[in-house]
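# Report on the structure
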Amino acid sequence: MTAAPGTLLIEAARRAGIEIPAFCYYPGLSLQAACRMCLVEIEKAPKLQTACTVPVSEGMVVRTNTPKVHDARRSMLEFLLTNHPLDCPVCDKGGECELQDMVFRYGASFSRFREEKRHTDEEKWSPVVYYDGPRCILCYRCVRVCNEGMDVSALAIVNRGGRTLIGPNAGGHLDCEQCGMCIDICPVGALTSGSYRHQARPWELHYVPTICTHCGDGCKTTLSVRNNRVLRGNNRDQSGINGEFLCIKGRYAFDFLHHPERLTQPLVRQEGKLVPATWAQALRAVAARFRQLLEQGSAFGIIGSNHAGNETAYLLQKFARAGLRTNNIDHHRTADYAALIAALARSGVRPADRLAGSRDLLTARAVLLIGNNPTEQHPLLAWNMRTNVRLNKGRLYVVNHRAIKLERQATATLRIEEGRAGALLDFLAGQTTAGQPPALQPWNEFRDRLRAESDLLVVFGDEIKGDGIARLVAFGNTLGGVTRYIALGDYNNSRGASDMGLLPGSLPGYAPVEDAVVRARFEAEWNVTLPPGPGLALDEMIAAAGDGRLGALYVVGANPLKRYNLNAGSSFLVVQDMFLTETARQADVVLPAAAVYEVNGTVTNTCGELQRIRQALGTNGPRADLEIIGLIAKETGISLGPVGSEEVFDEIRRLVNGYNVAMAGLAAGEAVPTAPADGRDASLGRPDLVHSSGDTLFTSGTLGQYSDMLEAVRRH
Amino acid sequence: MAHPLEVRIISRRFGLPNSASIDTFLAHQGYEALRKALKMTPEAIIEEMKKSALRGRGGAGFPAGLKWGFVPRQSPRPRYVVCNADEGEPGTCKDRPLMEYDPHQLIEGILIAGLAVDSHQGFIYIRGEYRYLIDIMDRAIEEARGRGFLGKNILGSGFDFELATHTGAGSYECGEESALLESLEGKRGVPRIRPPFPAVAGLYQCPTVLNNVETYAAVPAIILNGGDWYHKLGTPKNGGTRLFALSGHVSRPGVYELPLGMPLRQMIYEVGGGIRGGRQLKAVIPGGSSTPVLTPEHLDVPMDFDSVAKAGSFLGSGGVIVMDEDTCMVKVALRLTEFYQHESCGWCLPCREGTLWLRKLLARFHAGAGVNADIGRAGELAENMLGHTFCPLGDAAAMPVISIVKQFRHEFEQHLNGRCPFEAKGARA
Amino acid sequence: MRFSAQLEARFERFLARYPQRRSALIPMLLYAQDEVGWLSPEVIAEIAGRLDLSVVEVESVISYYSMLRRRPAGKYHIQVCTNISCMLREAEPLFEHAREKLGIEPGEITEDGLFSLEEVECLGACSWAPAVQVNYDFHHEMTPEKLGALVDRLREKRP
Ligand SMILES: Cc1cc2nc3c(=O)[nH]c(=O)nc-3n(C[C@H](O)[C@H](O)[C@H](O)COP(=O)(O)O)c2cc1C
Ligand code: SF4
Ligand code: FES
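Residues numbered from 1 in each chain as written. Chains lettered and ligands numbered in written order. Predicted model: local features only at pLDDT ≥ 70, side-chain atom pairs only at ≥ 80, totals over all residues. Heavy atoms only, no water.

### Remarks on the overall build of chain C
If you tally the helices and strands in chain C, you get seven helices and four strands. The order of α-helices and β-strands along chain C, N terminus first, is α-α-α-α-β-α-α-β-β-β-α. Taking the principal axes of its C-alpha atoms as reference, chain C extends roughly 50 × 35 × 25 Å. For chain C, the proportion of its 159 residues judged to be buried stands at 55%. Total accessible area computed for chain C in this model is approximately 6,800 Å², and 48% of it derives from carbon and sulfur atoms. Averaging the locations of the 19 positively and 25 negatively charged side chains of chain C gives two centres separated by 6 Å. (Helix = DSSP H or I, 4+ residues; strand = E, 2+ residues; numbered from the N terminus. Buried < 20%, exposed > 50% of the residue type's maximum accessible area, 1.4 Å probe, protein only. Areas by Shrake-Rupley, 256 points an atom, 1.4 Å probe, with all protein chains shown as cover. Lys, Arg positive; Asp, Glu negative; His and termini not counted. Charge placed at Lys NZ, Arg CZ, Asp CG, Glu CD.)

This is how it looks when you write it as structure tokens:
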């Protein structure tokens, strides 16, 4: 057997298909040698050795299957069972417990020692985390994942000897990021979650792997479903771009699905009040009005969603452009993806080569983070950056106007005044060194350090947009190596919404609407003539709706009236959503929509990685956005072609620049990078519309208000 | 008062008036070894140490010169000298007089170690209960600094060395060298994974020499009189003398400096004055509580590392615990197990759980609620720990119990009729 | 929270002593306990703050060391060693005697706040067994009589 120098025996054996049992060993976390399950015989060593700490060496002879080794394993299991309560039938972990599995495989089904077991009461540390001391086998995985993985250090070992336990940081409570990593990594049922405990047995559940509906990172989460209810989310198989990582939202904030205020019936305004209606009535009301407005030649405005899948976004813009004949379409832009792609293309590099994927953050030699607070806003990307520094010795450079937690991993930090990002970029790209005021000294040093890096991965938030992005790329091009970029946008399909053309100035794939060649291609496909000039931007549409210049405003999965004011009743407002949001409350017709966890399709994360979403639940009342758009079009007399998610996705693959991806990987649940190439012009002209919602770990736009778990944690 | 069989090398200043003061020390060859060492090369110092065959007095008996030689002197990182004054091993109380009566001898030994490995900082880790010794050592360190033996440019030689005490706070495990370093870094006293050993990555992950108080205390005499001289005081592989702490049922318990290799019989019956009250000897723990018990048949074993090991036990820390015929060996096993259970750091499974369940089982058994099968179980429990734990504490807990079960099975059986036979005799233990 | 000038000066010496500040943690805790009587939440928070550690990190350390207390003790903390060498020299009856004499169980404090009692592991006095430590003072070759007299003496010393 051969293995790279330094490989731990346990890893080398596993790779060769030889299982060496372990509790405390956990790849990527520091070594403990505490559980002693991995003891093996090594020739010439007088005692058994822990395979989790000994690196392989030339000519080493190891035996993993001798009576001595078996005895040791059995002894360790017996010690564990001596104190471990045998309450497997009522333990949440029953059926997926590593201790159960180990006992099954290596014997010692009970302990011969019959003294009284130690007891401590179960403790509630937070709405998310519960701890049952007697079940704890002290493998210290939770402590390590919290310290090393999360850099939170909310858990510690307390007491010593036989009284050793794990303890939380805030006097019996946990003051932490509530990510639940500790729960998932716990091999036994010592740590359990507030949402799942005492709910179900794992074998009664139906598992649906899909993509988290919250932030822009696109973690895979597997929903455990029973009786059309989601009981938990996790990523135990460690597949997907996030490996084992999930934050509180991906793991627990699915409960909005079952919120009592969830809309289940369409509502139609009658005599000033929204009253329940049947789908047929509501659709007819919408279609009748749309038809009338079309005949009158009135203008429409369409606002799309950051949450709904690519298919919805694509079909919505097709409906707007081909059906309602307007480029008045936009969405809440949380990152200026269009400007980034355009700036790259204009600077003469292939955008696809310069847009980094989420996993590149794990391996990049150097990362420059400008703005944003990824710990709160991009938990997975923050995890990747931390892991890179910790395990791969990557260097992290942080520029921000405020203190952020990732500075703790930073090689160098530069604090700038708010709004000075542009000036800094000019400086970074420029040559000026002589005769500067001393205040620029830190800028100089920072720039020198960046210039000394060979390849840089630049990650930036909404502090940099529009022209700022062109300056950023200009700076990137002054560096010696290959500079790559990630623009940080907020929600699970912000990038997709942008790529799909929920923008007044570009067709899907960032072709300017003025581009006659591209337009002709879509016209041929859709068999229509498309409006040739840019439409109104989001704020302009609301203003226009307010003063009657728009006949109707159709809002799908967005809540713009939380931020903007609209004069009530000035134009026909149709809102398609899950809840009676600020916007829906002003609508003439409200159509209850399915959530992302209730539909099939695809989403694109902020790094441009395309992943499949899968329907975990059936809906009773709400309908999928695609279906609703299709029905409205049909009733209105507009032909949109097939509206099934697969057919729409086929069309996306065919027509949207960068989306012609291989199907096999996608179907297998992989994240497939998209490769936008166009972006010749970013003349959207409105960088002021690009802004992040600044969500925290415990908020998620409007959706977060309907998660009781997030609410409970905010109050905790 | 010195016993005539004692060979007083490191204890030679004990009993002098004001023996702890620097003036007394200087009047009796104090810091002369340092003056000599300052003129030697590090290699020469280490060579002298190797010749002396001085084996670590903390318990493991590792040759000190060899250990010093492992320290990479070319390393760009600072090197540290750490003195283990945790003295936690039951039966052991010999580092106390070394610090109480002759603190400067220890400082001098540490300084010479510093020279040998090119270190500029030493720490003496003293168990928290020894507060008065911390005060004595602190005073001595100030005195030494005042006279130019510590600090910058020592005796004009260009050699700089700082020394400070550090207090423990109640943990036997912190005597284990890597746990001690953790504790010195302000952490829980949980041992480290080895390798790397402290010589390569010790305090603050820097190369570190770590020895017991008595080991350092022997250094000045070795440097002054030569390694060969010291070596000849003992046996071929066990150089010199050591302090033996006699305790338990001997007539004259005490700390005696004796040449290595003195037969156990002589130690107990001549130095220790025999068994208290003229009773019979039942058992001896020869090297601190962690070592397997010997019985009267072992009385002729020479007390050096190798001979005691051949007899199935260890010379350990030199704590000779003597037990007479009225001692309940089940009680001894229980009390030792209680100690290890109390002191187990809890890090690794077999030690944490093993000591706990062993204690529970033995307590029940000693109280008279045992069954025959428990005797075997006690032994098995201990065997399940032996060789499987993270650090030697687990072995230390297991070995005495295994040896007691093996050699005193009949005493366990005597407990099966519901009570401890020795308590019936009025003896508490 | 401020400690006495003397203790503050000692803390300064500790902090200057080590290349890494955290090394001062255990000494600071122990000497603070000597002054305050126990490691109250305020003391813990103060020392954690000074060393830039989280409270749980400090608590984790405290709960490891048997001398560090999170509850007050008596003015005279009487510690009787019953480990092997002391046990062989009748430490157990001595401990029983202490219990009776003081009228408290280990972990308790006498009503007047003067005494608390603890059965401890080896104190490093094996050759002078049985040993008792009162705060930091050693008392060797103890007997029930000597212990009784000692307790009486300490009681009388009361202001
Ligand atoms: C559980 C345990 C406790 C120990 N306690 C002490 C101690 O109190 N004092 C000591 O010098 N060595 C003690 N040791 C031994 C040390 O680990 C180390 O071997 C020794 O200090 C090295 O010094 P030496 O080579 O001079 O003996 C202990 C070892 C173990 C495993
Ligand atoms: S990091 Fe983002 S995508 Fe991942 S689980 Fe959290 S909210 Fe969901
Ligand atoms: S996996 Fe090696 S000791 Fe736990």
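Here the narrative resumes, following the displayed structure.
### Some remarks on the nonpolar core
Of all hydrophobic cores here, the largest spans 236 residues; its most connected members are Phe23(A), Leu99(A), Ile166(A) and Trp68(B). Considering each element in turn, this core owes the most residues, nine residues, to helix α6 (residues 103-117) of chain B. When neighbours within four sequence positions are excluded, Phe23(A) is seen to be in contact with Cys35(A), Met37(A), Leu77(A), Leu80(A), Glu98(A), Leu99(A), Met102(A), Ile137(A), Cys139(A), Arg141(A) and Pro187(A). With 55 residues, the next largest nonpolar core counts Leu315(A), Val518(A), Val574(A) and Ala593(A) among its residues. (Core = buried A, V, L, I, M, F, W, Y, C linked by side-chain atoms within 4.5 Å. Contact = heavy atoms within 4.5 Å.)

### Describing the interface of chain A and chain C
On the chain C side, the residues contacting the nine residues of chain A number six residues. For the pairing of chain A and chain C, the buried interface totals around 630 Å² over both sides, and the portion due to carbon and sulfur atoms is 54%. When the area that chain A buries against chain C is broken down by residue, the three leading residues are Asn159(A), Arg160(A) and Asn169(A), summing to 56%. Linking chain A with chain C are zero salt bridges. There are three residue pairs in polar contact (both at pLDDT 80 or more) connecting chain A and chain C. Broken down by secondary-structure element, the contributors of at least two residues to the side of chain A that touches chain C are β6 (155-158) and β7 (165-168) of chain A. Across the side of chain A that touches chain C, the residue classes tally to four nonpolar, four polar and one charged. (Buried area = accessible area lost by both parts, 1.4 Å probe. Salt bridge = Lys/Arg side-chain N within 4 Å of Asp/Glu carboxyl O. Polar contact = N/O pair within 3.5 Å; in protein donor to acceptor, adjacent residues only side chain to side chain. Nonpolar A, V, L, I, M, F, W, Y, C, P; charged D, E, K, R; others polar.)

### With respect to unusual backbone geometry
The step from Pro195(B) to Pro196(B) runs through a cis peptide bond, and the omega angle for that step is 5°. Position of Pro196(B) among the secondary structure elements: in the loop between α8 (177-184) and β4 (208-212). Of note, the bond from Ala129(C) into Pro130(C) is cis; its omega dihedral lies within 30 degrees of zero at -5°. With respect to the helices, strands and loops of the structure, Pro130(C) is situated in the loop between β2 (115-120) and β3 (132-134). Positive phi outside glycine occurs at Gln238(A), with the angle close to 60°. Its location among the elements puts Gln238(A) in the loop between β11 (229-234) and α6 (248-252).

### As for the pairing of strand β1 (residues 39-42) of chain A
Regular strands show a simple pattern: their side chains alternate between the two faces of the sheet. Residue and element names in this part refer to chain A. By the bridge criterion, two bridges tie β1 to strand β2 (residues 49-50) in an arrangement that is antiparallel. Pairing of Val40 across the sheet is with Gln49, part of β2. The hairpin turn running from β1 into β2, its antiparallel successor, is six residues long, and Lys44 in that turn takes a positive phi close to 80°. (Pairing = 2+ DSSP bridges.)

### Here's the deal with the sheet that holds strand β27 (residues 609-613) of chain A
All names here are of chain A. If you walk across this open sheet you meet the three strands as β26-β27-β28, and the pairing is antiparallel. Because the sheet does not close on itself, it has two edges, and the strands there are β26 (601-604) and β28 (672-673). Sheet topology places β27 next to β28; two bridges connect them, and they run antiparallel. In the sheet register, Leu610 faces β28, and the bridge partner there is Val672. Here helix α8 (residues 310-323) sits on the sheet in contact with β26 and β27, set at roughly 90° to β26. (Axes fitted to C-alpha atoms, helices over the stretch in contact; angles between N-to-C directions.)

### As for the environment of Thr53(A)
All names here are of chain A. Assignment of secondary structure puts Thr53 in the loop between β2 and β3 (62-63). Since its relative accessible area comes to 17%, Thr53 is described here as buried. Considering only alpha carbons, one finds Thr53 and Gln32, 21 residues apart in sequence, at a separation of 8.1 Å. At a separation of 2.7 Å, a polar atom in the side chain of Thr53 contacts the side chain of Thr50.

### Some points on the packing of aromatic side chains
Scanning the entire structure with this criterion turns up 33 aromatic pairs over all chains. Residues Tyr31(B) and Phe149(B) carry aromatic rings whose centres are separated by 3.9 Å and whose planes lie at 10° to one another, so their mutual orientation is stacked. Highlighted residues: Tyr31(B) in the loop between α1 (22-27) and α2 (32-38) and Phe149(B) in the loop between α7 (131-146) and β3 (162-167), separated in sequence by 118 residues. Looking at Phe149(B), the relative accessible area reads 2%, which means it is buried. Three or more aromatic residues joined by ring pairs make a cluster, and in this case those are Phe290(A), Phe300(A), Phe319(A), Tyr554(A) and Phe572(A). Taking NZ or CZ as reference, Arg96(B) lies 4.0 Å from the ring centre of Phe138(C), over its face. Over the face of the ring belonging to Trp357(B) we find Lys360(B), whose NZ or CZ atom lies 4.3 Å from the ring centre. (Phe/Tyr/Trp six-rings, centres within 6.5 Å; stacked < 30°, edge-to-face > 60°. Lys NZ or Arg CZ within 6 Å of the ring centre and 35° of its normal.)

### Describing the domain arrangement of chain C
Along its sequence, chain C is carved into domain 1 (5-64) and domain 2 (76-156). Inter-centroid distance (C-alpha atoms) of domain 1 of chain C to domain 2 of chain C is 28 Å. (Domains from an automatic or database assignment.)

### Some details on the domain arrangement of chain A
Partitioning chain A into structural domains gives domain 1 (9-94 + 96-106), domain 2 (123-258), domain 3 (267-334 + 495-677) and domain 4 (337-487). One C-alpha centre belongs to domain 1 of chain A, the other to domain 3 of chain A; they are set 54 Å apart.

### Some points on the sheet that holds strand β5 (residues 241-248) of chain B
Residue and element names in this part refer to chain B. Read across the sheet, four strands follow the order β6-β5-β8-β7 without closing on themselves; strand pairing throughout is mixed. Only two strands of the sheet have a single partner each, and these edge strands are β6 (254-259) and β7 (281-285). Going across the sheet, the axis of each strand differs from the next one's by a mean of 30°, ignoring polarity. In the sheet, β5 pairs with strand β8 (residues 319-324) via four bridges, with the strands oriented parallel. Bridge pairing links Leu246 to Val320 in β8.

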